[in-house]
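Architecture at a glance
Now for the letters of each chain:
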Amino acid sequence: MFPRAIILVRYSTYSSGKNVVANFRTIGKGASVKSVIAIPTRHFGITGTLCRANETIDDFRAREEKKEQEYVKQQQASGASGTTSSSHVDTFSSTSNDQQAPDPDVERAKEMILDAALAFVQSHGWSKQAIAKGAETVNYPSVSHGLFPRGGIELVHHFYKQCNLKLIDYLKQETADLERVPNPSEFARKAIEYRLRLLEPYLKYWPQALGLMALPPNAPHSLANVLTLVDDICYYAGDRSVDFNWYTRRIGLACIYKTTELYMLQDSSTGFEKTWKFLERRMEEASLVHDFLVKSEDATHHLQNAVGSAFTTARNILGLNFERR
């Protein structure tokens, strides 16, 4: 009689598909076969699970369930760590996207460098070279101009800001002992003259500054500087109006300031005498323009819609508020 054989089959979950391994054991004559086991096994990690010859189905199932539980625990642990890592990444991304508050020490260093750089405008213009020279003056390396990626326009804005602050100090001094300005028009004229005289040391290179301020990326900040300037003058001149006059006075004064500034660039008279006479004539004409805008209903409506939020926007751009005292 032919010998009987027990075929032990092992299924593998390797990528190549099922791998069947058949072991033939020759059993002597008269031997009986109790069972034939063909059980697919699960693999955890690198090593596979093989059916043991003396293991029952219950033992095999218990061992597999235990390993299955261990596997689930490992997956949960790795999932938790992955979630934590993801949360860290998300937190970092959100933090990096948020605008970080400026470092006070860095801001002070930048102020020092820009203040010193103004002394080199007459030789280097409104440029990175002037900023580099200013950095060296206050014992910073010349490469510190890298703190000012926008270049010369940052020096221009710094100068404009410093001049506006000096103007506010002047206006406060002029109105310190007055309950009310007797002649607001004359007060505004003197304020504009004072502000324009601050340009005299840099007048030769001021056309370059005007060109930089007129560039599209720089225009919003530059416009905000002008609007803030005339707003301060009107305020200290006694303008507390809440009607349309609030707009017309400031827009008119801004136009007068800019036209006088351009006239000043071409004035070669002693002490800019012609410029100040030009300013006087413009202030006299301003009342006529004001009357036209107030009396014309269409002009009032359209202009108010166009510039109603301009001065608020200017203050927001510069990070200023409306508290002056």
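Computed from a prediction, not measured in an experiment: that's the story for all the values here.

Quick notes on the rules
- Residues numbered from 1 in each chain as written.
- Predicted model: local features only at pLDDT ≥ 70, side-chain atom pairs only at ≥ 80, totals over all residues.
- Heavy atoms only, no water.
- Buried < 20%, exposed > 50% of the residue type's maximum accessible area, 1.4 Å probe, protein only.
- Helix = DSSP H or I, 4+ residues; strand = E, 2+ residues; numbered from the N terminus.
- Contact = heavy atoms within 4.5 Å.
- Axes fitted to C-alpha atoms, helices over the stretch in contact; angles between N-to-C directions.
- Left-handed = near helix turned anticlockwise from the far one by under 90°.
- Nonpolar A, V, L, I, M, F, W, Y, C, P; charged D, E, K, R; others polar.
- Parallel < 35°, antiparallel > 145°, perpendicular 65-115°, else oblique.
- Arc of directions from axis to C-beta.
- Core = buried A, V, L, I, M, F, W, Y, C linked by side-chain atoms within 4.5 Å.
- Domains from an automatic or database assignment.

Let us look at helix H4 (residues 128-137). Of the residues making up H4, those classed as buried are Ala130, Ile131, Ala132, Gly134 and Ala135. Buried residues along H4 sit in contact with helix H2 (104-117), helix H3 (121-124) and helix H5 (152-174).

Okay, the packing of helix H6 (residues 184-197) against helix H8 (residues 219-236) next. Running from amino to carboxyl end, H6 crosses H8 at an angle of 145°, the nearest separation of the two axes being 9 Å. When you trace H6 past H8, the crossing you get is right-handed. Along the contact surface, H6 presents Phe187, Ala188, Ala191, Ile192 and Arg195, while H8 presents Leu229, Ile233 and Tyr236. Residues that form the contact of H6 with H8 fall into these classes: seven nonpolar, no polar and one charged.

Where H8 meets helix H9 (residues 245-265), the axes come as close as 9 Å, and the angle between the chain directions of the two elements is 120°. When the axis of H8 is compared with that of H9, the two are oblique. Between H8 and H9 the crossing geometry is right-handed. Contacts between H8 and H9 involve Val226, Leu229, Val230, Asp231, Ile233, Cys234 and Tyr235 from the former and Trp246, Arg249, Arg250, Leu253, Ala254, Tyr257 and Lys258 from the latter.

Another point: helix H7 (residues 206-214). The set of residues buried in H7 consists of Trp206, Ala209, Leu210 and Met213. Axial view of H7: buried residues confined to an arc of 100°, hence all on one face. For H7, the elements touching its buried residues are H5, H8 and H9.

This next bit is on the nonpolar core. Counting 51 residues, the largest nonpolar core has Trp126, Leu155, Ile192, Trp206 and Ile233 as the members making the most contacts within it. Elements supplying a minimum of two residues to this core: H2, H4, H5, H6, H7, H8, H9 and helix H10 (273-295). Element by element, the count of residues in this core is highest for H5, at ten residues. The two domains that each donate at least three residues to this core are domain 1 (104-149) and domain 2 (153-314). In this view, Leu155 contacts Leu114, Ala117, Leu118, Val121, Trp126, Ala130 and Ile131; residues no more than four positions away in its chain are not counted.

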